[in-house]
Amino acid sequence: MRYVVRRLLFLFPTLFGMLVVVFMLLHITPGDPVEMLLDTDREFIPQEQIDAIRKDLGLDRPLHEQFIRYVGKVIQGDLGNSYRSKRPVLEHVKLNMVQTAHLALAGIFMSILIGIPAGIISAVKPNTIIDYVTLTISMIGLCAPTFWLGILALYVFAFQLKVFPMMGDGTGGGPLAILRHLALPATVIGAHSAALLGRLTRSSMLDALNQDYIRTAHSKGLSSRVVVVRHALRNAAIPVTAAAGTMFAYLLTGSVVVEMVFSRKGLGWLMVTAINGRDFPLVQGLILVFGSIIILSNLVTDLVIGAIDPRVSHD
Amino acid sequence: MSKRFVLISVLLIVGMLVSGCAQKTAAPPAPTTAPAQPTTAPAQPTVAPTPAQPKKLVWGVAMGTNCLDPAYQTGLPDSNNLVNIYSAVVKHKPGSLTEVAPDLAERWDVSPDGLVYTFYLRSDVKWQYGYGDFTAEDVKYSWDRMLNPDTKTTGATVLKVINSIEVVDKYTVRVTLKVPTPPFLINIANTGGALIVNKKAIEERGTDYCLKPVGTGPYQVVKAETNGTVVLAASPDYFGGKPAIDEVEMRVIPEESVAVMALKAGEIDFMIVREPANIAALFKAGPDIVVNGDPQSSCSTYALWLNNTRKPFDDVRVRRALTHAIDRDTLAREATEGLVQRRADSPVPPALFAYTEDVTKYEYDPAKAKALLAEAGYPNGFKITVDSMNTAFNPIMLTIVQQYWKQVGVDLEINYLDRAAIRQHQAEGNYDITVSNPTRAEVGLILDYYKCQNFPPGPNFSLYKAPDPICDLMNAQATENDPQKRAEMIKQIQQQITNDVPNVLLWYVAEITAARSSVKGMIPNLGSWQTRFYLFDIVK
């Protein structure tokens, strides 16, 4: 428990550091948020009007002052308002969080569903035709860009075969609609992780299968299924769990591309529009959200590893 | 012991998170939109020819909406919805870029000196959602609001010529300008910021107004989401009668190639196309898809803006050489998949007032280009950089231009930047060459891109310094009341600009849209940021 509290306390300096970096990057990168607000009329807007908008957004103040004000508000739980929509950043996050959570969880589910059995099969029958086939498929999964895979999946399964919907996230259509809308994007976003997990499961299973205790188990007369599942897999699961935890971070960043290709609402897509529009409060708010999720998921992974591996202790 | 406890609590937390998510989605606020899942077109057996079938149009766009308030609109999704929700005092005559038609004003007088505009307003206009009758007070409120610095609007600069607005009686409003402005009516017809809003609704709805606007237009907002969709329904109160299409849904599709698939599959009916590869794909899509992009209705000139204050572009011979070096007819055809056949010769698009063909023309002549470069002291050419976004026609156009210029010894380096970075560079005048297609439905505003005083910050992207008499003429035409005299002045300006070639004019950019062939009544008007859905119909 003390460990958990300590790790949670670490959250704050990490997030603060991230915020400093993002804040600096946003101000270094060329692109002026006020310029992006002015639309078709932008060349014709008199300087006084631009200055007034800049002042209204607080962008006329010195950088350190802007930063201190922002952090002060964040500590009070106020992430500010989006420059473009004038709505609170938290409202944006709330409106888009559920869809991304669905996508990431379904993505993990798909990668485990595909990756781990594939890894076990190739480990149990190494250097056979099955092993080579899974190797080839996972290489494709690892190398194919998510964007390309997504467009391809859309073209085949939504446009030609019409078995899955082409766009949207099914919100408002009930759980079944949500699942139907998740099938393609979750597979695409999970493909990379599935390939990784598969390779990792294979090597750690091979490792485990060559250990003395496996030979002992075999010689005790246990069936090979029991040996594989109960003895080898349990030990092989430790590195795999560690990897699955970090994959969550990958899935979140992958959501940027997948949400755009599948026209889903979500935090990734929101991040893209926020960066394109130089909507500083929205970018900073989303970085905080992404950062917290990744840090928390790492913590959860560590706890799970501690639970399945008696050698790891957190105290 | 403690480990098992940790494991269980972790599982519990995950379980709670998952069930929390499930609960949230199980109870959506209000199922206003139909789930997007008509996987097969429901046209075949079930739909009998029932006349009462409501007509629905779905259009795809790459971004979500931000704010449906004329004062704070930003981006195409906003402006396209605005012209369908609100009415203007006058609007464009459909299909014309130079004539206006009545909207909220039935008729109007202009004083002989061009300073006083009296609008006689309709007396049968009602605000949506029961906000009462529309009166002259609403016009005064709307425009005063845009002119008030405290509003901090992001647009509506064309209203700045207004000196005062006076309510004469309930349905008459008198507007006095600071200087005579012949295109005043056209400008207010063009500008989203000049649309008329309701004071009570804006004050009552406060920060919610962006997503819950109230207008007097043909459609009212049923549902609008921040950074998301907008669903419009025909307004029962509209004075112009019920539009043919009952419901218009905007669907956000960030990837244009996905929108193309959706259009082909019939999931959407209408979209705006920007990428040449997608234009090509839509042309090949068969009789179900119609691609529109008539350059005759363009109010936009696509150009390479050479920075005239930097070497070597300070020498007019170099600018002429670079124009001669490109076969711009071929360039336009190749880059636009044949939608545009001809180059631009004048900075003013043909659909606008006082366009003339009688300007200096630059034919494709690489030998002459080389000779001009040698004369200017660059016999071996030079190396130069262009700043551009890598969207729409820019990549293909720049790649072709690069090849043409290479043949006369000019080495073009292409520097792709995102929109925000390009805008900042343009505001600072910090580039050798920048790419832009100023889109303005009034000739005076097109000329603003060449005015001497409009150096950065301002629209004169070439930092072009016209001869003094022409500078004066550019200012004078803006207040010239006699149309014939004004046309003569604008012709002279076009001739001077084409003589000085501050920029390399490429072609007149048509706004390209694609639709299912069942969508009728699309009038090429003002480009895609003012798509008027009330003029559309769907005939299956």
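Residues numbered from 1 in each chain as written. Chains lettered and ligands numbered in written order. Predicted model: local features only at pLDDT ≥ 70, side-chain atom pairs only at ≥ 80, totals over all residues. Heavy atoms only, no water.

Brief notes about the packing of helix 6 (residues 129-143) of chain A against helix 8 (residues 174-209) of chain A
Residue and element names in this part refer to chain A.
1) Next: Two elements in contact, helix 6 and helix 8, have axes separated by 8 Å at closest approach and are oriented at 140 degrees. Relative to helix 8, the element helix 6 lies oblique. Between helix 6 and helix 8 lies a crossing of left-handed hand. Between helix 6 and helix 8, the residues in contact are Asp131, Thr134, Leu135, Ser138, Gly141 and Leu142 and Ala191, His192, Ala195, Leu196, Arg199 and Arg202, respectively. (Axes fitted to C-alpha atoms, helices over the stretch in contact; angles between N-to-C directions. Helix = DSSP H or I, 4+ residues; strand = E, 2+ residues; numbered from the N terminus. Parallel < 35°, antiparallel > 145°, perpendicular 65-115°, else oblique. Left-handed = near helix turned anticlockwise from the far one by under 90°. Contact = heavy atoms within 4.5 Å.)

Considering the packing of helix 11 (residues 267-276) of chain A against helix 12 (residues 280-308) of chain A
Residue and element names in this part refer to chain A.
1) Next: Running from N to C, helix 11 and helix 12 cross one another at 150 degrees; their axes reach a closest spacing of 9 Å. As far as their axial angle goes, helix 12 and helix 11 are roughly antiparallel. The handedness of the crossing between helix 11 and helix 12 is left-handed. The segment helix 11 lies against helix 12, with Leu267, Gly268, Leu270, Met271, Ala274 and Ile275 engaging Leu282, Val283, Leu286, Ile287, Val289 and Phe290.
2) Next: For the contact of helix 11 with helix 12, the per-class residue count stands at 11 nonpolar, one polar and no charged. (Nonpolar A, V, L, I, M, F, W, Y, C, P; charged D, E, K, R; others polar.)

Regarding the pattern of salt bridges
Residue and element names in this part refer to chain B.
1) Next: What the rule picks out here adds up to 36 salt bridges over all chains.
2) Next: Among the ionic pairs, Asp329 bridges to Arg343, the shortest N-O distance being 3.8 Å. Taken as a pair, Asp329 in helix 9 (residues 328-335) and Arg343 in the loop between helix 9 and helix 10 (366-375) lie far apart in primary sequence, 14 residues in all.
3) Next: Using a relative accessible area of 23% as the deciding quantity, one classes Asp329 as partly exposed.
4) Next: With a relative accessible area of 7%, Arg343 lands in the buried category.
5) Next: Linked by salt bridges that have partners in common, Arg328, Asp329, Arg342, Arg343, Asp345 and Glu363 make up one network. (Salt bridge = Lys/Arg side-chain N within 4 Å of Asp/Glu carboxyl O. Buried < 20%, exposed > 50% of the residue type's maximum accessible area, 1.4 Å probe, protein only.)

Comments concerning the packing of aromatic side chains
Residue and element names in this part refer to chain B.
1) Next: Counted by the stated rule, this structure contains 24 aromatic pairs over all chains.
2) Next: Where Tyr364 meets Tyr404, the ring centres are 5.5 Å apart and the plane angle is 70 degrees; that geometry is what we call edge-to-face. With a gap of 40 residues between them, Tyr364 in the loop between helix 9 and helix 10 and Tyr404 in helix 11 (residues 394-406) connect regions that are remote in the sequence.
3) Next: A connected cluster of aromatic rings, assembled from ring pairs, spans Trp59, Phe270, Phe533 and Phe536. (Phe/Tyr/Trp six-rings, centres within 6.5 Å; stacked < 30°, edge-to-face > 60°.)

What about the interface of chain B and chain A?
1) Next: Each partner contributes to the interface: chain B provides 65 residues, whereas chain A provides 62 residues.
2) Next: Ranking the residues of chain B by area buried against chain A places B:Thr154, B:Met261 and B:Arg423 at the top, with a combined share of 12%.
3) Next: Counting the contacts that link chain B with chain A gives three salt bridges.
4) Next: When the shortest N-O distance is used, the salt bridge between A:Arg278 and B:Asp418 registers 3.0 Å.
5) Next: Along the contact surface separating chain B from chain A lie 11 residue pairs in polar contact (both at pLDDT 80 or more).
6) Next: Mapped onto the side of chain B that touches chain A, the elements with two or more residues apiece are helix 1 (2-26), strand 10 (247-252), helix 6 (256-264) and helix 12 (419-428) of chain B.
7) Next: The biggest single contributor to the side of chain B that touches chain A is helix 1 of chain B, with nine residues.
8) Next: Classifying every residue of the side of chain B that touches chain A gives 30 nonpolar, 20 polar and 15 charged. (Buried area = accessible area lost by both parts, 1.4 Å probe. Polar contact = N/O pair within 3.5 Å; in protein donor to acceptor, adjacent residues only side chain to side chain.)

Quick look at the domain arrangement of chain B
Residue and element names in this part refer to chain B.
1) Next: As far as domains go, chain B holds domain 1 (67-216) and domain 2 (297-508).
2) Next: Computed over C-alpha atoms, the centres of domain 1 and domain 2 are 34 Å apart.
3) Next: Counting residues at the interface gives 14 residues for domain 1 and 15 residues for domain 2.
4) Next: Taking both sides of the interface into account, the surface hidden between domain 1 and domain 2 amounts to around 920 Å²; carbon and sulfur atoms contribute 64%.
5) Next: Across the domain 1-domain 2 interface, the total number found is zero salt bridges.
6) Next: Along the contact surface separating domain 1 from domain 2 lie one residue pair in polar contact (both at pLDDT 80 or more).
7) Next: For the side of domain 1 that touches domain 2, the residue count by class is eight nonpolar, five polar and one charged. (Domains from an automatic or database assignment.)

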